[in-house]
Amino acid sequence: MESRNLYTKVKKATFVLPFALSLLFLNSCNAFLDDQVPQGTLSDKEVTKSEYIDNMVTSAYAIFTTAEDINSSFSMWNYDVRSDDAYKGGSTTNDGDVFHQLEVEKGVLTTNWNINDMWVRIYNAISRVNTAIGTLEAADDSYSLKNERLAEMKFLRAYGHFLAKRLYKNIPFVMRSDLTYDEYHQISNTEYTNDQGWAIIAKELEEAYNVLPVTQTDKGRPTKAAAAAFLAKVYLYKAYHQDDPASNKVTSINEDDLKKVLEYTDPAIYTAGGYGLESDIHNNFRPEDQYENGIESIWAIQYSRNDGSTYGNLNWSYGLIVPNIPDVTNGGCDFYKPSQNLVNAFETDANGLPMIDTFNDKNYDMKTDNADPRLFLTVGMTGLPYMFNKKFIMDHSSAWSRSGGLYGYNVTLKQNVDPALIGTYLIHGSYWASSMNRIVFRYADVILERAEAEAQLGNSAEAIRLVNQIRTRAAGSTQMIADYPNKYGVHFYCKNYTGSYSKEDAIKIVKMERRLEFAMESERFFDLVRWGEAATVLNNYFAKEKERVTFLNEAEFTAEKNEYLPIPHSQYSSSNGHYTQNIGKW
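Residues numbered from 1 in each chain as written. Predicted model: local features only at pLDDT ≥ 70, side-chain atom pairs only at ≥ 80, totals over all residues. Heavy atoms only, no water.

On to the overall build of the chain, then. When you go through the chain residue by residue, the secondary structure sums to 21 helices and 14 strands. Taking 25 Å as the expected radius of gyration for a compact globule of 586 residues, we find that the chain reaches 23 Å, a close match to that expectation. Overall, the chain is about 75 × 55 × 50 Å in size when its C-alpha atoms are taken along their principal axes. Pairs at least 24 residues apart make up 73% of the contacts formed inside the chain by residues separated by at least 6 positions. Carbon and sulfur atoms make up 48% of the accessible area of the chain, which amounts to about 21400 Å² in all. Placing the 58 positive and 76 negative side-chain charges of the chain at their respective mean positions leaves the two points 2 Å apart. (Helix = DSSP H or I, 4+ residues; strand = E, 2+ residues; numbered from the N terminus. Rg over C-alpha atoms; globule rule 2.2 N^0.38 Å. Contact = heavy atoms within 4.5 Å. Areas by Shrake-Rupley, 256 points an atom, 1.4 Å probe, with all protein chains shown as cover. Lys, Arg positive; Asp, Glu negative; His and termini not counted. Charge placed at Lys NZ, Arg CZ, Asp CG, Glu CD.)

Across the 5 residues of strand 4 (residues 297–301), 5 count as buried, placing the element largely inside the fold. Where strand 4 lies against strand 13 (residues 438–442), 4 bridges are found, and the strand directions are antiparallel. Within strand 13, the position partnered with I301 by the bridge is R438. (Buried < 20%, exposed > 50% of the residue type's maximum accessible area, 1.4 Å probe, protein only. Pairing = 2+ DSSP bridges.)

What follows covers unusual backbone geometry. Positive phi, normally seen in glycine, also occurs at M76, with a value near 75°. Considering the arrangement of structural elements, one finds M76 in the loop between helix 4 (50–62) and strand 1 (86–89). Phi angles above zero are rare outside glycine, and K169 is one such case at about 65°.

This next bit is on empty space enclosed by the protein. By the definition in use, this model includes 8 cavities of 30 Å³ or more. Around the largest cavity, the lining is made up of 28 residues, and of these Y318, R438, I439, V440 and E521 lie nearest the centre. Those elements that place two or more of their residues in the lining of the largest cavity are helix 7 (146–168) and strand 13. Sort the elements by how many residues they give to the lining of the largest cavity and strand 13 lands first, with 5 residues. When its residues are assigned to classes, the lining of the largest cavity shows 14 nonpolar, 6 polar and 8 charged. Taken as a whole, the second largest cavity encloses approximately 110 Å³ of empty space. Counting residues per element, the ones that place at least two in the lining of the second largest cavity are helix 7, helix 9 (194–209) and helix 19 (524–531). Sorting elements by how many residues they give to the lining of the second largest cavity places helix 19 first, with 3 residues. Its residues assigned to classes, the lining of the second largest cavity shows 6 nonpolar, 2 polar and 3 charged. (1 Å grid on protein atoms, 1.4 Å probe; cavity = no way out; pocket = protein on both sides within 12 Å on 5 of 7 lines; lining within 4 Å. Points joined across faces, edges and corners; volume = space filled by probe spheres on them. Nonpolar A, V, L, I, M, F, W, Y, C, P; charged D, E, K, R; others polar.)

See the structure below:
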């Protein structure tokens, strides 16, 4: 498909980087630079040829997809095991032990590979983007797409810094395309306050927003609406100020930032680009071609199949999530398993509404309790078909729990693919992969971000109206599960909110709806930190969940520490004293 070739055409492009541009300067160890062998040089005239520029831009996009491992798509699922949505999973606590440490918030070391790996990946991506920006800035006006491609690259650079900031909080901002290795190691990670850091990302996106077109032929390129959706998210993070350098607490909520959220979630922006809600939420998580880049997908990491490469340009990052069904998905590792707490959150009361304050008092009972239909599109549970395929009924066997029940028998559905599609949309290589896009910004997020801003500004009625848009869609999201009530005895019951609500209640309603709508999409932990609620929510979660599972026995969230990852030791030690370690006595 031509619209999906943007991220893969780099494989077919042949060009030689001038050595000065190939210094990625972001890995802390000298060995990385030692391995960079000059490949030749290009003249100034050759560098500004349109085909070379196009290759550099395509290369910047490609770095977000071309690795073949769990961090390759930057989905962050393995870092979301810190939330109350998911268990780490796998066979034992030692299987992916560094993520077990994150899950229980014990034994996390600055030298752990997963602390440094994501840092290096993100700054490698930023470096690749900066190289493209430098090439574009050197191009003359005969390259007609110069300004538009610069806007795209600013969008990608903002995305890199955004990912880093959510994980590490205090980060270096690498904003120059001509930065040398030595100059990079002179940058401070605390040059800017937390608020100023978010402002830098917002400024880049605003510059992109002013240039990007309303629609794009290549679906992987960001549109004006994509920049708007990204800006809304950034301003929502920025609104919850955490500007005391000795604390991760939310010190204030800024009304001007909330008003910016309203500006960039204006429905007219998205209508102009042809965006809206899918009729069924599950359409966002189907790999078939007809569902890719649907109406709700504002910007997605693009994957492909049948593109001339061995397997296709596939998303390998979910390979460890697949269950180990004998003779079907052999080698599935069964990571990232929905928690019982998350399942309980989908139960609804006699009015068809979430039980916000009491949902976790007891475990959800499929045979007697009402539930939001989104539960059955998010979590595979014992007694129900896996991925809606009645050939695979889930039970208490090793197919659904490599750990023998240690991590329970629930399986996430949003990242997985029906085994009936093995060989077409589910591919087995070194492990399992799919060509299904990973949606980064979808329209439901825009609606709920607008609802959150309205609620915080005291406009409760409007916030509830927006939440009800999401709930109306949720109630009708039954195309894959329409026979579940009759065949499996489940009870769908999802209604809209009615009446009036206080500001405090409206905020709680919006936060709960975010959890339900984006469950298992790796947003939950970051939301809790953004709201300043991580310690309270997660320690309450641990207290109850310890009654259900043993692997959380030592779990404890330490406020003023565990909100963010530490600065990796290798980065800190090579910064020539310019980095400050995050708070918490790492």
